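An overview of the molecular structure
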Amino acid sequence: MSPGRFARHQRLTRPSDFKQVFAHPCKSGNQHLTLLCRTNDKDYARLGLAIAKRYIRTAVARNRIKRIVRESFRQRQTTLAGLDIVVLAKTSAAALTKQELFLVLERLWQGLEKKCKDSLSV
RNA sequence: GGAGUCGGCCCGAUAAUCGCUGGCGGGUUUUCCCGCUGGAGGAAAGUCCGGGCUCCAUAGGGCAGGGUGCCAGGUAACGCCUGGGCGGCGUGAGCCGACGGAAAGUGCCGCAGAAAAUACACCGCCGAUGGUCGCAAGACACAGGUAAGGGUGAAAUGGUGCGGUAAGAGCGCACCGCGCCCCUGGUAACAGGGGUGGCAGGGUAAACCCCACUCGGAGCAAGACCAAAUAGGGGAACAUUGGUGCGGCCCGCAUCGUUCCCGGGUAGGUCGCUUGAGGUGUGUGGUGACGCACAUCCCAGAUGAAUGAUUAUCCACGACAGAACCCGGCUUACAGGCCGACUCCACCC
């Protein structure tokens with residue numbers, strides 16, 4: 001297991017934090033998930049989740065996706081340092097298995113690293 | 001053994017590692033770190049009822065409106081539960097029922113049918129006296145009588161039988177049903193028995209309605225507290241014989257400065273927030289729901305929102321589904337497993 005913690009300060013908690021990300025995002029995503037991203041002035045990454053009831057109907061499915069995203073983020077956080085990330089789920093995400101979700105997320109994190117880190121941090 | 005009924009319980013297990021979060025203790029007692037310990041459900045769901053709690057309203061009463069609706073009990077309360085009654089279903093264990101009032105009034109009753117409620121009778125049945133024909137028996141037609149039979153319908157003005165009659169009819173009688181009165185049992189719903197009346201005129205109250213009982217409104221984003229930045233409000237003091245405007249000038253009025261205080265209150269934060277109509281055990285009262293007594297336990301409390309991930313082993317290979325102020329119910333969803341009581345059928349003795 002790769003080490004790493006996921007403490008409170010590593011989460012986006014305030015509405016204003018979310019607004020900042022939504023305002024000028026660098027996007028990455030596929031048919032299951034969408035990731036929005038923006039640099040912050042800190043030396044660690046922060047994660048916010050926006051799993052809408054509209055798309056994912058049952059609370060159980062929403063919780064499942066949140067937990068898996070958090071776990072995946074926790075393992076990858078060192079390479080994502082300096083970014084604020086918001087994860088949005090689409091309807092099809094509920095149908096994926098655990099393993100599929102982890103795979104999908106891994107690819108998306110890589111995409112973000114390449115795409116966003118350089119272009120935005122200038 | 002098979003089929004079934006009712007009630008209760010479980011909801012993968014174990015280990016290791018890495019995480020999240022409440023509480024307690026400690027450390028550099030600020031967000032940080034360490035240790036110990038707790039961390040979703042039977043429905044947490046739908047938000048359909050009832051209550052606690054909070055704020056608002058309220059002299060008292062009535063009307064309107066909503067809800068409930070066999071009886072008794074349980075409960076904080078209920079539209080819930082228990083026991084009983086009545087009706088229906090099932091061979092049975094059992095299950096189901098908005099189950100008060102239709103002679104208080106109003107409305108409605110498709111299609112079919114003559115007629116759906118004041119019977120104005122379609123096919124029928126009878127047809128005396130009188131009329132026509134006939135010697136007569138009788139035939140024909142009419143006035144009229146009738147509701148037994150046929151047919152329609154979910155439903156047709158009590159049912160069966162006998163008497164009765166021109167044919168019929170509660171017209172009369174017997175039994176059943178129905179209404180009323182009395183007696184007996186039962187707290188009561190109701191049941192049983194006796195007497196009497198006379199056939200009284202359909203259904204629908206989840207149609208209006210009547211009767212009885214009952215109900216104030218909004219909800220934890222309730223509500224309470226702390227409180228930046230910025231803008232603005234009120235007050236005090238100081239500084240000025242200060243500046244600017246009105247004015248020819250003085251007086252006067254308006255406005256501008258600094259400091260402090262006050263109240264409202266946004267972002268944000270804290271409380272409400274989990275010890276409760278609580279759980280477990282024993283005893284005890286009660287057919288039971290449930291009550292009482294004693295002992296014992298503390299059992300989620302998050303706030304972008306915690307209970308997860310990985311690996312290994314095993315099996316029945318895991319359904320529906322995630323607390324958000326808290327309880328009591330109801331309803332809906334659901335793969336499977338365990339236990340107990342009982343019923344029916346088959347077999348053995």
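Anything mentioned here points back to the structure above.
Residues numbered from 1 in each chain as written. Chains lettered and ligands numbered in written order. Predicted model: local features only at pLDDT ≥ 70, side-chain atom pairs only at ≥ 80, totals over all residues. Heavy atoms only, no water.

Once that is clear, we can look at the side chain of Arg46. Here Arg46 lies in strand β3 (residues 46-50). Classification of Arg46 as buried rests on a relative accessible area of 10%. A polar contact of 3.0 Å, which involves the side chain of Arg46, links it to the side chain of Asp84. Not counting residues within four places of it along the chain, the set of residues in contact with Arg46 comprises His9, Gln10, Arg11, Leu12, Asp17, Asn40, Phe73, Leu83, Asp84 and Ile85. (Helix = DSSP H or I, 4+ residues; strand = E, 2+ residues; numbered from the N terminus. Buried < 20%, exposed > 50% of the residue type's maximum accessible area, 1.4 Å probe, protein only. Polar contact = N/O pair within 3.5 Å; in protein donor to acceptor, adjacent residues only side chain to side chain. Contact = heavy atoms within 4.5 Å.)

Take the sheet that holds strand β1 (residues 26-29) next. Here four strands make up an open sheet; going across it, the order is β1-β2-β4-β3 and the pairing mixed. At either margin of the open sheet sits one strand with a lone partner, and together these are β1 and β3. When the angles between neighbouring strand axes are averaged without regard to direction, this sheet yields 20°. Pairing geometry for β1 and strand β2 (residues 33-39), over four bridges, is antiparallel. Considered in β2, the bridge of Lys27 is made with Leu36. Sitting on the sheet, helix α2 (residues 59-76) is in contact with β3 and β4 (83-89), with an inclination near 165° to β3. (Pairing = 2+ DSSP bridges. Axes fitted to C-alpha atoms, helices over the stretch in contact; angles between N-to-C directions.)

We now examine the pattern of salt bridges. Taken as a whole, this structure holds three salt bridges when the rule is applied. One salt bridge in this structure joins Arg46 and Asp84, with 3.0 Å as the shortest N-O distance. With Arg46 in strand β3 and Asp84 in strand β4, the pair connects residues that are 38 residues apart, well separated along the chain. Judged by its relative accessible area of 4%, Asp84 falls in the buried class. The partner of Arg76 in a salt bridge is Glu106, with the nearest N and O atoms 2.1 Å apart. With Arg76 in helix α2 and Glu106 in helix α3 (residues 98-120), the pair connects residues that are 30 residues apart, well separated along the chain. Arg76 sits in the buried class, given a relative accessible area of 14%. Look at Glu106 and you get partly exposed, because its relative accessible area is 28%. (Salt bridge = Lys/Arg side-chain N within 4 Å of Asp/Glu carboxyl O.)

Let us now look at the protein's contact with RNA strand B. Close to RNA strand B lie 20 residues, the nearest being Arg8, Arg11, Asn63, Arg67 and Arg70. Near the protein, meaning within 4 Å, the atoms of RNA strand B are sugar or phosphate in a fraction of 76%, with bases accounting for the rest. Within the side chain of Arg11, an N or O atom sits 3.3 Å from a sugar or linking oxygen of RNA strand B. Within the side chain of Arg74, a nitrogen or oxygen atom sits 3.0 Å from a sugar or linking oxygen of RNA strand B. Mapped by element, the contributors of at least two residues to the surface near RNA strand B are β3, α2 and α3. Sort the elements by how many residues they give to the surface near RNA strand B and α2 lands first, with seven residues. Split into classes, the residues belonging to the surface near RNA strand B amount to eight nonpolar, four polar and eight charged. (Near = heavy atom within 4 Å. Nonpolar A, V, L, I, M, F, W, Y, C, P; charged D, E, K, R; others polar.)

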